[in-house]
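One-letter residues, chain by chain:
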Amino acid sequence: MTAKSKEREPAATLPVARVCVDVPLPHLDRPFDYLIAAADDAAAQPGVRVKVRFAGQMVNGFLLERVESSTHAKLAFLDKVVSPERVLDPEIARLARAVADRYAGNLSDVLRLAVPPRHARVEAQATTAAAEEGEPVEVEPARADERSAEQGSVKPGNAERAGDAQVGGEPAGSAAASAISSPVVGEAVASAGPGGGGAAGDSGEAVVSAGPGGGVAVGDSGEAVASADPGGGSTPGESGEVVASTDPHSGVAHGDPGGAVASFEAGAMASAGDGRGGEVVSGWADYPAGPAFLHALSEGRPARAVWSALPGEDWPARIAEAAAATVRAGKGVVVVVADARDLERLDRALSKALGDGRHVALNAAAGPSERYRRFLAASRHRVPVVVGTRAAMFAPVADVGLVAIWDDGDDLHAEPRAPYPHARDVLLTRAQLAGCAALVGGFARTGEGQLLLETGWAKEIVATRGTLRARSPAIAPTGDDPQLARDPGAVTARLPSLAWQAARQALQGGAPVLVQVPRRGYLPSVACAECRTPARCPHCAGPLGLAGARSVPTCHWCGRAAAAYACPACGGRRLRASVTGARRTAEELGRAFPGVPVRTSGRDEILDTVPGDAAVVVATPGAEPVAEGGYGAVLLLDTWALLTRADLRAAEETMRRWLSAAALARPAPAGGRVVVVADGSLAPVQALLRWDPGWFAARELAERRELGFPPAARMASLTGKAEAVAELLDATRLPPGAEVLGPVPASDDQERMLVRVSRGKAAELARALHEAASVRSAKKAALPVRIQVDPAELL
DNA sequence: ATAATAACGAGA
DNA sequence: CTCGTTATTATC
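J.: Report on the overall build of chain A, specifying residues and quantitative values.
T.: A count of helical and extended segments in chain A gives 26 helices and 28 strands. Scored against the burial criterion, the 795 residues of chain A give a buried share of 58%. By sequence separation, contacts in chain A at least 24 residues apart represent 76% of the contacts at least 6 residues apart. Surface exposure of chain A reaches about 30100 Å², of which carbon and sulfur atoms provide 53%.

Structure representation (structure tokens):
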């Protein structure tokens, strides 16, 4: 179109483009200014993809904003606007920056996660469709050829079929512990502005009553509160740190806890007052705070809740109702689930609640072009609701009113690519920045969810004990006899008589039985041979491990040997390694119940549903099929393997898996039974028996506070060659009070160091690490170091 | 990758 | 002291 680059004229107004270039180097993690040619004036809008000459080569980038002038002397011209499509929503741009800051990462890395690769053909097609507007748009008719990449033409707004198609595309099971991260709200608050003083208290008293500083943020109080500073004095919130650019010494940006929570309560009253609204409220009426929450959503208020779902809950329907209420308020919704199976269920529920064409499902399994097509449907605001697996956490929607995550303890919510953000934290940050509602739901409750409640950032949605009694299956523990367990060949070894009876009764009644067995491959950990208390390092409380049969127990975290280890619970000096049970359970059970069909659901083949007939269904955690009418009995076997895993979150994860499986049983009045083969005095077992995930989460969180674990403290892990890690640490201006643990050997000649700080110093730590990484990358340090803030697995 | 710039050293 | 060459560093 234009002649030579020399002759280009800058655009008349706002001729300077601030561009985020797509290079992964930390020291280049800032916008660069380019001149916009007059010819590009119209297309060069914020959010478009651009190509620029950067350091002698052409690189891609995103146009972040247009400004009048630059401080930089001589600017180059934007080479070109790749497409006028504004794929980077301003809301997402802000979110991405906050996420990068929190995780000590680069904006460009986060944008790679947030904006799917462009697919020019899809963009052109979708443009055509959009131009025709009107009725439900069939996209392909003209160019349906193109091997139509995807099976069948999918209406831009309709994810239904696509959802079905994806089933089983992603591994549904999840093994390791869930990610350890914490509500980031603090950073988000950053933009809320300088707040008042520091927050008092370290122990989790909700410092909800924020000061007059009054940002929009509620959560920041949480940050401050959560800081595990032993001294408990006032800690600058993380927010303060991020705000630092403006006001380095501002303390915690005090939120306006009223904003969300109070209005939520106001809603409760209103709704309690008018008593009806049943048509809206539906299943949420089973929870005292449910109707109020829904009411708040339908009025577009930023209510925030942590929801403990009832056993047997049709959670996709509940989320769909919440989405519908938000849509009714004229706002957008983003929902993230862990895997394709959950997504499919939610997708169906949304089709039912919203009708066709009001939502899209985003997930990796859809393939690049379909994925981009759906992204565009959201980005162009043609649908108000986006659901998906973790990549959907960044999905653009018009005027976001609600972000929701289901089963936030599932480790699939942790993004495995740099900077390793966790979907829960991203969504909470998003809620904070956008001032929208948030829903964190699951059968279980994570430490992070509990923290949101204890800090007053979110409100609890739980059923009353009465409702719970009516809905829960009958749950009983049965001792796991170590004598029998030594003989894994015998069926009865793994199937105590109580479990066997429950199963047989259910089968005789024509109901299916679910048997949950852990997957193999957990890291061996050690525990007291006497009382089975997991062995922890006397120095840093990290988990101990045994390298060989005769070796000295050594800490997985700080590497110290604990030669004279004595169990803090019983004083025992002998340790034993726990070994995971085998997976022959299915065949064994087949023999135990002759004539009954045995089906398995696991890693390789995951069943979504099973009919409501007598059958034994053996499943690994996370792969349990939903049974029509619910299971007559659920058996939780080989629990020892789960409970003694080396991971920090072993107990929480165990709880999550048990509750998720037990939730599939019929209620006790309908004959549903759950038998957990574990000692009834163990805390997770207690919590299961009483169906009290809140109690358990509070207990977990209290313990983590004591031990200085996330989410009560914040940790960063640095992995790489020893000298590289040392170099990075050396360049890091660690916040005062930072604890450095390690080194611990990692895979092939790599090592790992951990840095622990109080939550109040979390932002400071992230910034310091990013800065240090910048220094290293600026001087072309060859050896890479992986920086993970709140790493998914903490051994 | 490459271009600008600082640093350096040899010959006037 | 200047020019020409080479390290350094920033990358609009």
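J.: Can you explain the protein's contact with DNA strand B? Please cite residues and give values.
T.: Around DNA strand B, the structure places R53, A55, G56, Q57 and K780. When atoms of DNA strand B within 4 Å of the protein are sorted by moiety, sugar and phosphate together comprise 44%. With respect to DNA strand B, the backbone of A55 contributes an N or O atom lying 2.6 Å from a base nitrogen. Separating a base nitrogen of DNA strand B from a side-chain N or O atom of K780 is a distance of 3.5 Å. The residue makeup of the surface near DNA strand B, split by class, is one nonpolar, two polar and two charged.

J.: With reference to specific residues and values, describe the environment of V23.
T.: Looking at the secondary structure, you find V23 in the loop between β1 (16-21) and β2 (32-35). What makes V23 buried here is its relative accessible area of 15%. Between the alpha carbons of V23 and W315 there is a distance of 41 Å; along the sequence they are 292 residues apart. Those residues in contact with V23 that lie beyond four places of it in its chain are L28, F54, V59 and S108.

J.: How would you summarise the confidence of the model for chain A if you had to cite specific residues and measurements?
T.: Per-residue confidence for chain A gives a mean pLDDT of 78; residues scoring 70 or more make up 72%. Predicted confidence is poor over residues 1-5, with pLDDT under 50, and the contacts of this stretch with residues over four places away or in other chains come to one contact. Low pLDDT, under 50, characterises residues 130-263; the stretch is placed with 333 contacts to residues that sit more than four places away or in other chains.

J.: Could you give an account of the protein's contact with DNA strand C, with specific residues and numbers?
T.: Neighbouring DNA strand C are 14 residues; H27, R30, D33, A55 and A76 lie closest to it. Protein-proximal atoms of DNA strand C, defined as those within 4 Å of the protein, fall in sugar or phosphate at a share of 38%. For DNA strand C, a base nitrogen lies 3.4 Å from a polar atom in the side chain of H72. Between DNA strand C and A76 there is a distance of 2.4 Å, counted from a sugar or linking oxygen to a backbone nitrogen or oxygen. Counting only elements with at least two residues in the surface near DNA strand C, the list comes to β2 and β3 (48-54). Looking at which element gives the most residues to the surface near DNA strand C, the answer is β2, with three residues. Residue classes in the surface near DNA strand C are distributed as seven nonpolar, two polar and five charged.

J.: Run through the sheet that holds strand β25 (residues 713-720), naming residues and quoting values.
T.: With respect to topology, four strands assemble into an open sheet ordered β26-β27-β25-β28, the strand pairing being antiparallel. A strand with exactly one partner marks an edge of an open sheet, and here the two such strands are β26 (739-745) and β28 (785-789). Pairwise comparison of adjacent strand axes, ignoring direction, gives a mean angle of 20 degrees for this sheet. Bridge count for β25 against β28 is five bridges, and the pairing is antiparallel. Its bridge partner lying in β28, A716 is registered against V789. The sheet contacts of helix α25 (residues 722-731) involve β25, β26, β27 (751-758) and β28, and relative to β25 the element is tilted by about 135 degrees.

J.: Outline the packing of helix α23 (residues 683-690) against helix α24 (residues 693-707), supporting the account with residue identities and numerical values.
T.: Packing of α23 against α24 brings their axes to within 8 Å, and their N-to-C directions diverge by 155 degrees. One way to sum up the angle between α23 and α24 is to call them roughly antiparallel. On α24, the residues that touch A683, P684, Q686, A687 and R690 of α23 are W695, F696 and R699. Residue composition of the contact of α23 with α24, by class: five nonpolar, one polar and two charged.

J.: Explain the sheet that holds strand β13 (residues 474-477) to me, and be specific about the residues and the numbers.
T.: Spatial ordering of the open sheet is given by β13-β24-β23-β14-β21-β19, a layout of six strands whose pairing is parallel. With one partner strand each, in any of the chains shown, β13 and β19 (598-601) form the two edges of the open sheet. Strand-to-strand twist of the sheet, defined as the mean angle between neighbouring strand axes without regard to direction, takes the value 15 degrees. Two strands pair when backbone bridges link them, and strand β23 (residues 633-636) and strand β24 (residues 673-676) are joined in this way by four bridges, in the parallel orientation. Bridging across to β24, L636 finds its partner in V676.

J.: Explain the packing of aromatic side chains to me, and be specific about the residues and the numbers.
T.: Enumeration according to the criterion identifies 10 aromatic pairs in this entry. Between W284 and W307 the ring centres are 4.6 Å apart and the planes differ by 45 degrees, which places this aromatic pair in the tilted class. Here W307 lies in strand β6 (residues 304-308) and W284 lies in the loop between α9 (278-281) and α10 (290-298), a separation of 23 residues in the sequence. Judged by its relative accessible area of 1%, W307 falls in the buried class.

J.: Account for the side chain of R752, naming residues and giving values.
T.: Mapped onto the elements of the fold, R752 is located in strand β27. E793 is the oppositely charged side chain nearest to the buried, salt-bridge-free R752, at an N-O distance of 5.1 Å. Of note is the side chain of R752, whose polar atom sits 3.1 Å from the backbone oxygen of E793. Contact partners of R752, with chain neighbours within four places excluded, come to S717, L718, T719, G742, P743, V744, A746, P791, E793 and L795.

J.: Quick one: what's the story with the pairing of strand β21 (residues 616-619), residue by residue and with numbers?
T.: Side chains V616 and V618 of β21 all project onto a buried face; the interleaved residues V617 and A619 project onto the opposite face, where all are buried too. Bridge count for strand β14 (residues 513-516) against β21 is four bridges, and the pairing is parallel. Within β21, the residue paired with V513 across the bridge is V616. Where β19 lies against β21, four bridges are found, and the strand directions are parallel. For S601, the partnering residue across the bridge sits in β21 and is A619.

J.: Describe in detail the packing of α25 against helix α26 (residues 762-778), supporting the description with residues and values.
T.: As a packed pair, α25 and α26 sit with axes 8 Å apart at the nearest point and diverge in direction by 120 degrees. With respect to their mutual orientation, α25 and α26 come out oblique. Crossing handedness for the pair α25 and α26: right-handed. Note on element contacts: α26 touches α25 through L769, A772, A773 and R776, opposite A724, E727, L728 and A731.

J.: Requested: an account of the pattern of salt bridges, with residues and values cited.
T.: Enumeration according to the criterion identifies 38 salt bridges in this entry. Notably, a salt bridge pairs E299 with R301, separated by 2.9 Å at the nearest N-O pair. Judged by its relative accessible area of 18%, R301 is buried. Here R445 ties to E460 by a salt bridge, and the two come within 2.9 Å at their closest N and O atoms. Taken together, the residues R445 in the loop between β11 (437-442) and α15 (447-454) and E460 in strand β12 (residues 459-461) connect sequence positions 15 residues apart. Several salt bridges converge on common partners, so that one network encompasses R102, D408, R424, D425, E448, R649, E652, E700, R704, R714 and D790.

Here is what the cut-offs are and how they apply
- Residues numbered from 1 in each chain as written.
- Chains lettered and ligands numbered in written order.
- Predicted model: local features only at pLDDT ≥ 70, side-chain atom pairs only at ≥ 80, totals over all residues.
- Heavy atoms only, no water.
- Helix = DSSP H or I, 4+ residues; strand = E, 2+ residues; numbered from the N terminus.
- Buried < 20%, exposed > 50% of the residue type's maximum accessible area, 1.4 Å probe, protein only.
- Contact = heavy atoms within 4.5 Å.
- Areas by Shrake-Rupley, 256 points an atom, 1.4 Å probe, with all protein chains shown as cover.
- Near = heavy atom within 4 Å.
- Polar contact = N/O pair within 3.5 Å; in protein donor to acceptor, adjacent residues only side chain to side chain.
- Nonpolar A, V, L, I, M, F, W, Y, C, P; charged D, E, K, R; others polar.
- pLDDT = per-residue confidence, 0-100.
- Pairing = 2+ DSSP bridges.
- Axes fitted to C-alpha atoms, helices over the stretch in contact; angles between N-to-C directions.
- Parallel < 35°, antiparallel > 145°, perpendicular 65-115°, else oblique.
- Phe/Tyr/Trp six-rings, centres within 6.5 Å; stacked < 30°, edge-to-face > 60°.
- Lys, Arg positive; Asp, Glu negative; His and termini not counted.
- Salt bridge = Lys/Arg side-chain N within 4 Å of Asp/Glu carboxyl O.
- Left-handed = near helix turned anticlockwise from the far one by under 90°.

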